[in-house]
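Examining the three-dimensional arrangement
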Amino acid sequence: QGNACFEKQVQEKFSTINAATGTVTHDLDDGQVFRHTSPSADFTANLTNINLTGDHAMTVTIVIEQGATAFIVSSIQIGGASQTIEWQGGITPSGTDNGFDIMSFSILNTGTTGSPSYLVMGQLVDFA
């Protein structure tokens, strides 16, 4: 396996999801960055098409544009299967009313390609 070298900027496509509530599909075939506007409740992010081989990792970023009441990604699924989130500092974060929150999830497949086992680590950074 070789190295990647970029001599110019790297751009990544993002998808916008409006009024999230319940379980919301985040199709990684559309990219790894998602923008949420006007969420109406805490929600579960169901990551589909993850295609993460064994001993590999990736990061999924969710930007939430908050209203008067802040909501967050409260749980993660991968292909519909619930995952445990190991939160930074050991505490589930809270969102920022009328601000912007960036939630990042580092995902490692500690198993194999045919029998994945995921370690999901989450954090939230707020911008007011």
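Position numbers for residues start from 1 in each chain and track the written sequence from start to end. Note on the predicted model: pLDDT of at least 70 is required for a residue's local features to be given, and 80 or more for side-chain atom pairs to be given and counted; whole-chain, interface and lining totals, by contrast, use all residues. Computation of side-chain values: all heavy atoms of the structure, hydrogens and water removed.

1. Re the nonpolar core
Take the buried Ala, Val, Leu, Ile, Met, Phe, Trp, Tyr and Cys residues and link them wherever side-chain atoms come within 4.5 Å; each set so joined is a nonpolar core. Exposure classes here rest on a 1.4 Å probe applied to the protein chains alone. A residue is buried below 20% of its type maximum, exposed above 50%, and partly exposed in between. Judged by nonpolar contacts, the single largest core of 25 residues is most densely connected at L47, I62, V73, I76, M103, F105 and I107. Strands here mean DSSP runs of E at least two residues long; helices mean DSSP runs of H or I at least four residues long; both are numbered from the N terminus. With four residues, strand 5 (residues 56-65) is the single largest residue contributor to this core. Any two residues whose heavy atoms approach within 4.5 Å are treated as being in contact. The contact partners of I62, leaving out residues within four places of it in the chain, are H26, F34, H36, A45, V73, D101, I102, M103 and F105.

2. Overview of the pairing of strand 10 (residues 118-127)
Strand pairing is defined by DSSP finding a minimum of two bridges between the two strands. Taken together, the three bridges between strand 8 (residues 85-87) and strand 10 define a ladder with parallel strand orientation. Bridge pairing in strand 10 links E86 to M121. Where strand 9 (residues 100-109) and strand 10 come together, ten bridges link them in antiparallel fashion. Bridge pairing in strand 10 links F105 to G122.

3. Topic: the sheet that holds strand 3 (residues 33-37)
Within a sheet, adjacent strands bond to each other through the backbone by hydrogen bonds, running parallel or antiparallel. What the six strands build is an open sheet, ordered 1-3-5-9-10-8; its pairing is mixed. Of all strands in the sheet, those with a lone pairing partner are strand 1 (14-18) and strand 8, marking the two edges. Between one strand and the next, the sheet's axes are offset by a mean angle of 25 degrees, whatever the strand orientation. Direction of pairing for strand 5 relative to strand 9: antiparallel, over a ladder of ten bridges. Paired with E65 across the strands is F100, a residue of strand 9. Whenever a helix is involved, its axis is fitted only over the stretch in contact; in every case the axis is a line through C-alpha atoms, and angles between N-to-C directions fall within 0 to 180 degrees.

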